[in-house]
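Survey of secondary and tertiary structure
The lines below spell out each chain.
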Amino acid sequence: MNVLFIAADDLNCDINTYGVSQVKTPNLDRLAKLGMRFDKAYCQQPLCGPSRASIMTGLRPNTIGCHTLKETIRDQLPDVVTLGEFFKQKGYYAGRVGKIYHAGNPGDIGTDGHDDERTWTERFNPAGMDKIHEEKIIRYPGGTTGQRDRLGISMAWWAPVSEDEEHTDGMVAAKAVELIEAHKDGPFFIAAGFFDPHCPYVAPKKYFDLYDINEIALPDLDAAKKDLEDVPPMAYLRDRSGWPYRKDVTVEEARQCKLAYYASVSFVDAQVGKLLDALEANDLMKNTLVVFWSDHGYFLGEKGLWYKRKAFERSAKAPLIIVPPEGVGGASCARPVELLDLYPTIVDYAGFEIPAVLEGVSLRPLLTNPSAEWDRPAITQVFHSANAQGYSLRNDRWRYTEWNRGEAGIELYDHENDPDETTNLAQNPEYAGLMRTLSGQLHTYSDTYHQNKRP
């Protein structure tokens, strides 16, 4: 069995197949109609580097010791067998195009970034006009400054009249198609990692033209500020000085950035379509497992916040679509799962024994029956520093979060009645028993940091 492993960067669930009809993603709709959409899939840490390291090793951030954008898996665990390396050892061709491990966007485009050489047979790092002409990107505040730095965390966009293949992600798709065709006799594990919709939000103008700025809405800021009144300060530690959105950014500028984000999403969607076309043209769908994922979610003005690195649902939840070779006909699964589960799932479908060291579990039972018994919660952690950490547990109904093991605050949200997490129930005595239970479950994971004593 072949594996096509497709990643997007900073993509939240604002896509049509997840119910946001404003965002035009026909190819992800197409993918979801073939396979299964997971409605409650959660990252292990809402930050590119740790999340991707966890996915590729099948281990939690605390086990690896990767919590920031500085650590690499080999520095922490020199002998770990990564997902691509596992298949390479089984005789597969393992090819990587674009961003799978952490790479600064746009700073590391065209380089290996924090990529792991042992994972792959070959790896390719295209760089398009979004990297080459960074000085043309419009940023807020400032406009077109001509600068080529500080774009990795920015409110910035560019809509050049251009072709897909002039951009990095268009090049990623073209090279991935080339690899599929070159290795169609298999077996292959081909990973295509797109840099969009990570900021700066750059895509060909035709994707911007899909959206009308008058139809881009942002939450009312007075209501957003009130929404944070019952939230522990550590929950938005990195955002308080720049609230709302980012310092000195107006509401209209934020709306333009949200439109640009959506345009970037549609651009990625078009590239996914090219990969599916290649599989179909080469009659490979019948023996290829297709996995589409993002490394975490993303705020676009909700609660007055932007970006990731938060324990709220909006940041912790990521899109996940899996298409087994036999297909599952557009099913959806509402069980909470973790991106950590991808490694064992893929190994399971390929017919190999799942390594005992992996900390996730195979999702194959849910792909067979999305309503199957499932008692595993999803755990997401946030690392501001060794002395400022949060751990969040998500089960079918509740999100429970502790900051510094509860000493810096606790959050409890009822997703059955409060899907936007506007009311923190942690101070309500009615839920004291529930919180004791959830806290006990959470400490199974949060206490490992203290045991490992990672710096």
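The structure reproduced in this document is the subject of the present report. Fair warning: this is a prediction, and the values are worked out from it, not measured in the lab.

1. A word on the overall build of the protein chain
- From N to C terminus, the protein chain includes 14 helices and 19 strands.
- Taken against the 2.2 N^0.38 rule, which gives 23 Å for 455 residues, the C-alpha radius of gyration of the protein chain at 21 Å falls within 12% of a compact globule.
- For the protein chain, the spread of C-alpha atoms along the three principal axes comes to 60 × 50 × 40 Å.
- The 455 residues of the protein chain split such that 60% are buried.
- Element-wise, carbon and sulfur atoms account for 48% of the exposed surface of the protein chain, whose accessible area totals about 16900 Å².
- Where the 50 positive side-chain charges of the protein chain centre and where its 66 negative ones centre are 3 Å apart.

2. Describing the pairing of strand β1 (residues 2-8)
- Within β1, seven of the seven residues are buried, which leaves the element mostly enclosed by the surrounding structure.
- Of the two faces of β1, the one carrying N2, L4, I6 and A8 and the one carrying V3, F5 and A7 are both buried.
- The pairing of β1 with strand β10 (residues 288-294) spans seven bridges and is classified as parallel. Considered in β10, the bridge of A8 is made with S294.

3. Let's talk about the sheet that holds strand β8 (residues 188-193)
- Overall, mixed pairing links the eight strands, which are arranged β5-β4-β8-β1-β10-β13-β2-β14 in an open sheet. Two strands close off the open sheet at either side, each with one partner strand: β5 (122-124) and β14 (331-333). Going across the sheet, the axis of each strand differs from the next one's by a mean of 15°, ignoring polarity.
- Each of β1, β8 and β10 is contacted by helix α10 (residues 251-281), which is oriented at about 175° to β1, the strand it contacts most.

4. Some points on the nonpolar core
- Core analysis: the biggest nonpolar cluster contains 64 residues, and M155, Y201, F292 and W306 have the highest contact counts within it.
- A total of 16 residues in this core trace back to one element, the largest contributor, which is α10.
- The contacts of Y201, once residues within four sequence positions are left out, are S154, A156, W157, W158, F208, C257, A260, Y261, S264, Y298, W306 and Y307.
- In terms of nonpolar packing, the next biggest core, distinct from the first, is built from 47 residues, C66, I322, I346 and W374 among them.

5. Re the side chain of D9
- Tracing the backbone through its elements, the reader meets D9 in the loop between β1 and α1 (26-34).
- Judged by its relative accessible area of 0%, D9 falls in the buried class.
- At a separation of 2.7 Å, a polar atom in the side chain of D9 contacts the side chain of K99.
- Once residues within four sequence positions are removed from consideration, D9 is found in contact with C48, R52, K99, N105, F194, F195, D196, P197, H198, S294 and D295.

6. Some words on the layout of surface pockets
- Space inside the largest pocket adds up to approximately 800 Å³.
- Taken together, 35 residues make up the lining of the largest pocket; nearest its centre are G152, I153, S154, R246 and Y307.
- Split into classes, the residues belonging to the lining of the largest pocket amount to 15 nonpolar, 10 polar and 10 charged.
- The volume enclosed by the second largest pocket comes to roughly 540 Å³.
- As for the second largest pocket, its lining consists of 23 residues, of which E302, E313, R314, P419 and D420 are closest to the centre.
- Contributions of two or more residues to the lining of the second largest pocket are made by α9 (221-227) and α11 (313-316).

7. Details of the pattern of salt bridges
- All told, the structure shown has 38 salt bridges when counted by the stated rule.
- As a salt-bridge pair, K308 and D10 come within 2.9 Å of each other at their nearest N and O atoms. Remark: D10 occurs in the loop between β1 and α1 and K308 occurs in the loop between β12 (306-307) and α11; sequence separation between them is 298 residues.
- Here K308 falls in the buried class, since its relative accessible area comes to 7%.
- Taking the shortest distance from any N to any O, the salt bridge between R123 and D112 comes out at 3.4 Å. Residue R123 is found in strand β5, and its partner D112 is found in the loop between β4 (93-98) and β5; the two are separated by 11 residues along the sequence.
- When salt bridges with common partners are traced through the structure, they connect R96, D112, D115, E117 and R123 into a single cluster.

8. So, the environment of L28
- For L28, the location among the structural elements is in helix α1.
- Each C-alpha atom of the pair L28 and L276 lies 9.9 Å from the other, and the pair is 248 residues apart in sequence.
- Among all residues touching L28, those that are not within four sequence positions of it are I15, D269, V272, F292 and I321.

9. Thoughts on empty space enclosed by the protein
- Here the structure, examined in full by the defined rule, presents four cavities of 30 Å³ or more.
- Put simply, the largest cavity is a space of about 90 Å³.
- Around the largest cavity, the lining residues are N105, P106, I109, D130, H167, T168, D169, F195, D196, P200, V202 and F267.
- Tallied by class, residues from the lining of the largest cavity come to six nonpolar, three polar and three charged.

10. Things to note about unusual backbone geometry
- For the peptide bond that leads from Y140 to P141, omega is -10°, which places it in the cis range.
- Within the element layout of this structure, P141 appears in the loop between β6 (138-140) and β7 (155-158).
- P244 follows W243 through a cis peptide bond whose omega is -5°.
- Along the polypeptide, P244 turns up in the loop between α9 and α10.

11. Describing the sheet that holds strand β19 (residues 410-414)
- Read across the sheet, four strands follow the order β16-β17-β18-β19 without closing on themselves; strand pairing throughout is antiparallel. Lying at the two open borders of the sheet, with one neighbouring strand each, are β16 (378-385) and β19. On average, adjacent strands in this sheet sit at an angle of 10° to one another, irrespective of strand direction.
- Where strand β17 (residues 388-394) meets strand β18 (residues 398-403), five bridges bridge the pair, whose relative direction is antiparallel. Bridge pairing links L393 to Y400 in β18.

Cut-offs used in this document
- Residues numbered from 1 in each chain as written.
- Predicted model: local features only at pLDDT ≥ 70, side-chain atom pairs only at ≥ 80, totals over all residues.
- Heavy atoms only, no water.
- Helix = DSSP H or I, 4+ residues; strand = E, 2+ residues; numbered from the N terminus.
- Rg over C-alpha atoms; globule rule 2.2 N^0.38 Å.
- Buried < 20%, exposed > 50% of the residue type's maximum accessible area, 1.4 Å probe, protein only.
- Areas by Shrake-Rupley, 256 points an atom, 1.4 Å probe, with all protein chains shown as cover.
- Lys, Arg positive; Asp, Glu negative; His and termini not counted.
- Charge placed at Lys NZ, Arg CZ, Asp CG, Glu CD.
- Pairing = 2+ DSSP bridges.
- Axes fitted to C-alpha atoms, helices over the stretch in contact; angles between N-to-C directions.
- Contact = heavy atoms within 4.5 Å.
- Core = buried A, V, L, I, M, F, W, Y, C linked by side-chain atoms within 4.5 Å.
- Polar contact = N/O pair within 3.5 Å; in protein donor to acceptor, adjacent residues only side chain to side chain.
- 1 Å grid on protein atoms, 1.4 Å probe; cavity = no way out; pocket = protein on both sides within 12 Å on 5 of 7 lines; lining within 4 Å.
- Points joined across faces, edges and corners; volume = space filled by probe spheres on them.
- Nonpolar A, V, L, I, M, F, W, Y, C, P; charged D, E, K, R; others polar.
- Salt bridge = Lys/Arg side-chain N within 4 Å of Asp/Glu carboxyl O.

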